[in-house]
Amino acid sequence: MSESTISSATLLGGAVTVANGAVQVHDASVLETEQFDTLVQQAVFAASEAERDFVRWVIWEIGQHVGVRPASIHELYVARGEGKCGGFTVPAMNIRAMSYDTARAIFRTVKKLEVGAFILEIARSEIAYTDQRPAEYVTVMLASALREGYRGPLFVQGDHFQVNHKKYAVDPVTEVNAVKALVTEAVAAGFYNIDVDTSTLVDLSKPTLAEQQRLNYEVCVDITRFVRAAEPAGVTISIGGEIGEVGTENSTPEELEAFMEGFNATLAAQAPGMAGLSKISVQSGTSHGGVVLADGSIADVALDLDTLEVLSKLGRDKYGMAGAVQHGASTLPDAAFGNFPKRETAEIHLATNFQTMMFDHLPQALLQEIYAWLDVNAKDERKATDSDAQFYYKTRKKAIGPFKKTLWGLPAELRAKLGAAYDAKFTFLFTQLGIVGTKKYVEQFVTTPVQHRAMPTAASAIIAAPDDADLSD
């Protein structure tokens, strides 16, 4: 497709047409064929920005027509806070690498198990090092759903839209504005769920919990108001806050209360009646990516399930939220996952294990090429005490962006084998987390308004937000 054909087009053998600024879907079955894969490749890898923008718009409009639309999980979480549903833990899955193949496996499993409560997310840091800007990410998630014949809302989330505390200490306005710029870019793309992470600003040197949490909740309110101002008509974005940075000391009920009391009072004073938070992230003993031992294995995690249960209940009973969110859970043993719905944990974030599965399937020659790239481009991240296994495990995620096209283009046989492994993993996780059959709750509570967009006719006015690959993921 050349730029000269962008004003009108016949796509997928006539199954989709574009005329007079509108998309028409004549045969949706073609979306589930290899023909559609070619269109998705154009959306990601086309040489021209105009062509990428056009194809991304077409895929968005196809979704609007057939019923695959970005949505907010806020209403479901409010219902949970009101006791109208429960007994499940929503997985928020960071899709970093081979995103189309990985997400397709998710949607195959979702269809099979009648799952409705699941989130696809990417963090501020991951956007940078995986080379997936929000518009591309939403497009690929939409395309994955369409390819597998899924119909329903798509909960795309900005994970760890985090304030870098070192940059904040030097220039707070510029750093907060960087997060706001990312909000603008993400919401415009279709991110209607955002985890605001200002927990980096908690100051434990202060004498009281309220003072320790003050900067955390004040900046969180500021960003929350900015998010609300960016909402499209008919959408209340689900916003999460965070009271303790993952990998630090476990959170307490008193810390949660200090943050929420301050947040709610500040929001009410500045913006009376504005919707607040629907969930709260806490620290309960995990760390992002796990702790890597010298042989490359992952250390056991001392997960505090009692903390999760108490904080989730407090979040629901006192503040009307869905409950507490567990980060850094990918490296937990399989036997741990069934505990989360039993303890009424609202949401769990999963990333590293999916990445590990992919690396475990790569050809040895490609792995060695990636490691050689890391030896040069990530050498500054290597500690003197790191073994090779530790160094490559911790840094290999940084190669995902530079090797994106190679990973997308792996042989079909290898991708099918990895896809089958993902199918099994997602079936296990979704069953353990109690989300089988949650489609009925989503249909009952979640509103998914139709949002047609104008055909792009020029370069996007949305400016890419500043990257920061060194934050939490």
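Residues numbered from 1 in each chain as written. Predicted model: local features only at pLDDT ≥ 70, side-chain atom pairs only at ≥ 80, totals over all residues. Heavy atoms only, no water.

A. Main features of the overall build of the protein. For the protein, the helix and strand inventory stands at 18 helices and 13 strands. For 473 residues, the compact-globule formula gives about 23 Å, and the C-alpha radius of gyration of the protein, at 22 Å, lands near that figure. By its C-alpha atoms, the protein is 65 × 55 × 45 Å across when sized along the principal axes. Taking all 473 residues of the protein together, 58% fall into the buried category. Within the protein, contacts between residues separated by at least 24 positions form 79% of all contacts whose residues are at least 6 apart in sequence. Of the roughly 18000 Å² of accessible surface on the protein, 51% is carried by carbon and sulfur atoms. Positive and negative side-chain charges in the protein, numbering 42 and 59 respectively, have mean positions lying 3 Å apart. (Helix = DSSP H or I, 4+ residues; strand = E, 2+ residues; numbered from the N terminus. Rg over C-alpha atoms; globule rule 2.2 N^0.38 Å. Buried < 20%, exposed > 50% of the residue type's maximum accessible area, 1.4 Å probe, protein only. Contact = heavy atoms within 4.5 Å. Areas by Shrake-Rupley, 256 points an atom, 1.4 Å probe, with all protein chains shown as cover. Lys, Arg positive; Asp, Glu negative; His and termini not counted. Charge placed at Lys NZ, Arg CZ, Asp CG, Glu CD.)

B. Local environment of helix H6 (residues 134-147). Compared with the 20 Å implied by 1.5 Å per residue over 14 residues, the 20 Å span of H6 between its first and last C-alpha is a close match. Across the 14 residues of H6, 13 count as buried, placing the element largely inside the fold. Phi for Gly-149, located one or two positions after H6, is positive at around 75 degrees. (Expected span 1.5 Å × (residues − 1).)

C. Just the sheet that holds strand E13 (residues 347-350), in detail. Judged by pairing direction, the barrel is parallel, and its eight strands sit side by side in the order E5-E6-E8-E9-E10-E11-E12-E13 before closing back on the first. Geometrically, the sheet is characterised by an average inter-axis angle of 30 degrees between neighbouring strands, direction not taken into account. In this sheet, strand E12 (residues 324-326) lies alongside strand E11 (residues 279-282) in parallel orientation, the contact comprising three bridges. Across the sheet, residue Ile-280 finds its bridge partner in E12, namely Ala-324. (Pairing = 2+ DSSP bridges. Axes fitted to C-alpha atoms, helices over the stretch in contact; angles between N-to-C directions.)

D. Representation of the packing of helix H14 (residues 364-377) against helix H15 (residues 388-395) within the structure. Across the interface, H14 lies against H15 with an axial gap of 11 Å and an inter-helix angle of 90 degrees. With respect to H15, the axis of H14 lies roughly perpendicular. Across the interface between the two elements, Tyr-371, Leu-374 and Asp-375 of H14 pack against Phe-391, Tyr-392 and Thr-395 of H15. Taken together, the residues of the contact of H14 with H15 sort by class into four nonpolar, one polar and one charged. (Parallel < 35°, antiparallel > 145°, perpendicular 65-115°, else oblique. Nonpolar A, V, L, I, M, F, W, Y, C, P; charged D, E, K, R; others polar.)

E. Highlighting the sheet that holds strand E3 (residues 22-25). The strand order across the open sheet formed by three strands is E1-E2-E3, and the pairing between neighbours is antiparallel. Looking along the sheet, the strands with just one partner apiece sit at the ends: strand E1 (9-11) and E3. Strand-to-strand twist across the sheet, computed as the mean angle between neighbouring axes with direction ignored, equals 15 degrees. Taken together, the four bridges between strand E2 (residues 16-19) and E3 define a ladder with antiparallel strand orientation. Bridged to Ala-19 within E3 is Ala-22. In this fold helix H2 (residues 49-66) packs onto E1, E2 and E3, with an angle of close to 55 degrees to the strand it touches most, E3.

F. Molecular detail of the pairing of strand E5 (residues 90-94). Most of E5 is tucked away: five of the five residues are buried. Here E5 shows no split at all, with Val-90, Ala-92 and Asn-94 on one side and Pro-91 and Met-93 on the other all buried. The sheet contact formed by E5 and E13 spans four bridges and is parallel. By the bridge assignment for E13, Met-93 is matched with Leu-350. Inspection of the sheet shows E5 paired to strand E6 (residues 119-123) by three bridges, in the parallel sense. Its bridge partner being in E6, Met-93 is matched across the sheet by Leu-120. In this region the chain leaves E5, passes through helix H4 (residues 99-113) and returns to the parallel neighbour E6; the handedness of that crossover is right-handed. (Right-handed = clockwise from strand over helix to strand, strands pointing away.)

G. Quick look at the confidence of the model for the protein. With 94% of its residues at a pLDDT of 70 or more, the protein shows a mean pLDDT of 93. Note that pLDDT drops below 50 for residues 1-5; the model gives that stretch seven contacts with residues more than four away or on any other chain. (pLDDT = per-residue confidence, 0-100.)

H. View of the nonpolar core. The biggest cluster of nonpolar side chains holds 144 residues, and the ones touching the most others in it are Phe-36, Leu-120 and Phe-430. When residues in this core are grouped by element, the largest group, eight residues, is from H6. (Core = buried A, V, L, I, M, F, W, Y, C linked by side-chain atoms within 4.5 Å.)

I. Broad picture of the packing of helix H13 (residues 352-361) against helix H17 (residues 412-432). Close contact between H13 and H17 brings their axes to 10 Å; oriented N to C, the two are set at 150 degrees. Classified by the interaxial angle, the pair formed by H13 and H17 is roughly antiparallel. Where H13 crosses over H17, the two elements pack in a sense that is right-handed. Taking contact as the criterion, the partners of Asn-353, Phe-354, Met-357, Met-358 and His-361 in H13 are, on H17, Leu-414, Lys-417, Leu-418, Ala-421, Tyr-422, Lys-425, Phe-426 and Leu-429. When the residues that make up the contact of H13 with H17 are grouped by side-chain class, the tally is nine nonpolar, two polar and two charged. (Left-handed = near helix turned anticlockwise from the far one by under 90°.)

J. Summary view of the environment of Asp-222. Looking at the element boundaries, Asp-222 is found in helix H9 (residues 209-230). Since its relative accessible area comes to 32%, Asp-222 is described here as partly exposed. Not counting residues up to four positions away in its chain, the partners in contact with Asp-222 are Val-176 and Lys-180. In terms of polar contacts, Asp-222 uses its side chain to reach the side chain of Lys-180, at 3.1 Å. (Polar contact = N/O pair within 3.5 Å; in protein donor to acceptor, adjacent residues only side chain to side chain.)

K. Structural view of the packing of aromatic side chains. As enumerated under the stated definition, the model contains 16 aromatic pairs in all. Ring geometry for Phe-88 and Tyr-441: centres 5.7 Å apart, planes at 20 degrees, overall stacked. Taken together, the residues Phe-88 in the loop between helix H3 (74-81) and E5 and Tyr-441 in helix H18 (residues 439-445) connect sequence positions 353 residues apart. For the pair Tyr-422 and Phe-426, a centre-to-centre distance of 5.8 Å together with 25 degrees between the ring planes defines the contact as stacked. Pair noted here: Tyr-422 and Phe-426 are both in helix H17, with a separation of four residues, about one helical turn. Just above the ring of Phe-88 sits the side chain of Arg-80; from NZ or CZ to the centre is 4.7 Å. Positioned above the aromatic ring of Tyr-441, the side-chain terminus of Lys-440 is 4.7 Å from the ring centre. (Phe/Tyr/Trp six-rings, centres within 6.5 Å; stacked < 30°, edge-to-face > 60°. Lys NZ or Arg CZ within 6 Å of the ring centre and 35° of its normal.)

L. Here's a closer look at the side chain of Gln-42. Residue placement: Gln-42 occurs in helix H1 (residues 34-45). Among the residues examined, Gln-42 registers a relative accessible area of 18% and is labelled buried. A polar side-chain atom of Gln-42 sits 3.0 Å from a polar atom in the side chain of Glu-51.

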